[in-house]
Amino acid sequence: MSRTPLAGVEHAPARRRAARGAAAAALGLVALGLTGCSTSDIPNQLQIPDPASEQGERIFHLWQGSWVAAWAVGAVVLGLIIWAALAYRRRSQDLPAQTTYNIPIEILYTVVPFFMIGVMFFFTARDESKLVALSDSPDHTVNVVGFRWNWTFNYVDENVYDVGTPTDVPTLYLPEGESVRFKLTSPDVIHSFWVPQFLFKMDVIPGQTNEFEITPTKQGTFAGKCAELCGVDHSRMLFWVKVVSPDEYDDHVADLKAKGQVGLLETGRTTESVTGEEMGRTTIGGDS
Ligand SMILES: [Cu+2]
C-alpha cells in the first residue's frame, strides 16, 4: 500500500494513536528508570551529602529550594508544551490563523525569566553573604596550608601542627559544636580545600589568605580533598576530618604536643622525592 506519511497520520484511528502515546510514555518512564536514579535519595537528599555543619544546613536548604523551583518551572513548561501540542493539533488541511507580535505574551516571557533569575539571585546572595561572614571571636583558628602534595594543619590557638604526605594522609581534628575559622594559605600553587560533607570549598591561593568559618554539628570521620587541579599529584592531596567531642579534641592537641609537633609550619613537608620513590615511579618536574 502506498500512501504519504502525512495521509497515514491523518487517517490513523484515534485508538491506535492513543496506544502509541501510551507506549511512548512507558518507554520514557523506563528510560528514566535506567538513568540509575535511586528513589531512596529523592526527594530528601537530591544527591548531596548529609550536611555535617551548621553552614552546610543552609547550603542544603538552598539546594533543596533550587530543585523545587527547577521542578516547578519544568512542570509548567512541560504542561504548556503538551497543552499546546494537543489543543492546537492539526485538524484539517486549512492553514491555521497566522498571528505575529502578541505584545502581552512577549512582555510576559521577558518579565517572567527576569523574575525567576531575581529569585535565584536573591536566595543565593542572601545565603552566600551569611556563609562567608566572619565572627569576631571564633572558638578555634586553623591555618590550613595546601602544598604540593598534601596539607598542613596549624592549630593556631593551641600552637601545634600536623602535616601529611600523599602516603601518610593527615587527619584534621575539629570539636563538635564549636566554631572554627579556617585561614587558607599556599606556598606554591592554587589548591582548594574541600570537605564534601561541609558542602563548602574554598580556594587556597598563594600570596592571599582566604578565610571562612564552620561549626561542625556531627561527630564522625569525613573525607577531604583538594578540589583544584594543581598538578601531577593533585589526586593524592587527601585528608580526613574527625569531628570529636571537645574533650577528645583537647586530648588530640596534647598528643601532638607530646609528639613534639609544637609551633606552626608555614609550608608543607617536601614530599616529591619521597612519594616518587614510594610509588615506584619517576617524579615529574617539581621544584620544592
Ligand atoms: Cu591541590
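Calculation criteria
- Residues numbered from 1 in each chain as written.
- Predicted model: local features only at pLDDT ≥ 70, side-chain atom pairs only at ≥ 80, totals over all residues.
- Helix = DSSP H or I, 4+ residues; strand = E, 2+ residues; numbered from the N terminus.
- Expected span 1.5 Å × (residues − 1).
- Buried ≥ 20, exposed ≤ 12 C-beta atoms within 10 Å, placed from the backbone.
- Contact = placed C-beta atoms within 7 Å.
- Pairing = 2+ DSSP bridges.
- pLDDT = per-residue confidence, 0-100.
- Axes fitted to C-alpha atoms, helices over the stretch in contact; angles between N-to-C directions.
- Parallel < 35°, antiparallel > 145°, perpendicular 65-115°, else oblique.
- Core = buried A, V, L, I, M, F, W, Y, C linked by C-beta atoms within 7 Å.

### Describing helix H4 (residues 103-131)
A rise of 1.5 Å per residue sets the reference length of H4, with its 29 residues, at 42 Å; its end C-alpha atoms lie 42 Å apart and thus fit the reference within 8%. With zero of its 29 residues buried, H4 lies for the most part at the surface.

### Here's the deal with the environment of Pro 49
Tracing the backbone shows Pro 49 in the loop between helix H2 (14-34) and helix H3 (54-87). The partly exposed category is assigned to Pro 49, around which 15 C-beta atoms lie within 10 Å. Distance in space between the C-alpha atoms of Pro 49 and Gln 197 is 5.6 Å, their sequence separation being 148 residues. In this structure, Pro 49 is in contact with Pro 196, Gln 197 and Leu 199, ignoring residues within four places of it in sequence.

### What to know about the pairing of strand S4 (residues 171-175)
The buried fraction of S4 amounts to four of the five residues, a majority that puts the element mostly inside the structure. Taken together, the five bridges between S4 and strand S10 (residues 238-244) define a ladder with parallel strand orientation. Residue pairing for S10: Pro 175 is matched across the bridge by Val 244.

### Quick notes on the confidence of the model for the protein chain
The share of residues in the protein chain with pLDDT of 70 or more is 81%, and the mean pLDDT across the chain is 84. Throughout residues 1-11 the model reports pLDDT below 50, and contacts reaching past four residues in sequence, or to other chains, amount to one contact. Predicted confidence for residues 272-288 stays below pLDDT 50, and this span has 19 contacts to residues more than four positions away or in other chains.

### What to know about the sheet that holds strand S9 (residues 220-226)
Taken in spatial order, the five strands of this open sheet run S4-S10-S9-S6-S7, and their pairing is mixed. The strands lining the two open edges of the sheet, one partner per strand, are S4 and strand S7 (200-204). When strand polarity is set aside, the average angle formed by the axes of neighbouring strands in this sheet is 25 degrees. Taken together, the two bridges between strand S6 (residues 191-195) and S9 define a ladder with antiparallel strand orientation. Looking across to S9, one finds that Phe 193 is bridged to Cys 226.

### Comments concerning the packing of H3 against H4
Each pair of packed helices can be described by the angle between their axes along with the distance between the axes. Running from amino to carboxyl end, H3 crosses H4 at an angle of 175 degrees, the nearest separation of the two axes being 10 Å. By the angle class used here, H3 and H4 are roughly antiparallel. Residues Gln 55, Arg 58, Leu 62, Gly 65 and Val 73 of H3 form the contact with H4, whose own contacting residues are Met 116, Phe 123, Thr 124, Asp 127, Lys 130 and Leu 131.

### Description of the nonpolar core
Membership of the largest hydrophobic core comes to 33 residues, with the highest contact counts inside it found for Val 144, Phe 153 and Phe 182. The greatest single-element share of this core, amounting to four residues, is contributed by strand S1 (residues 140-147). Among all residues touching Phe 182, those that are not within four sequence positions of it are Val 142, Val 144, Phe 193, Glu 211, Phe 212 and Ile 214.

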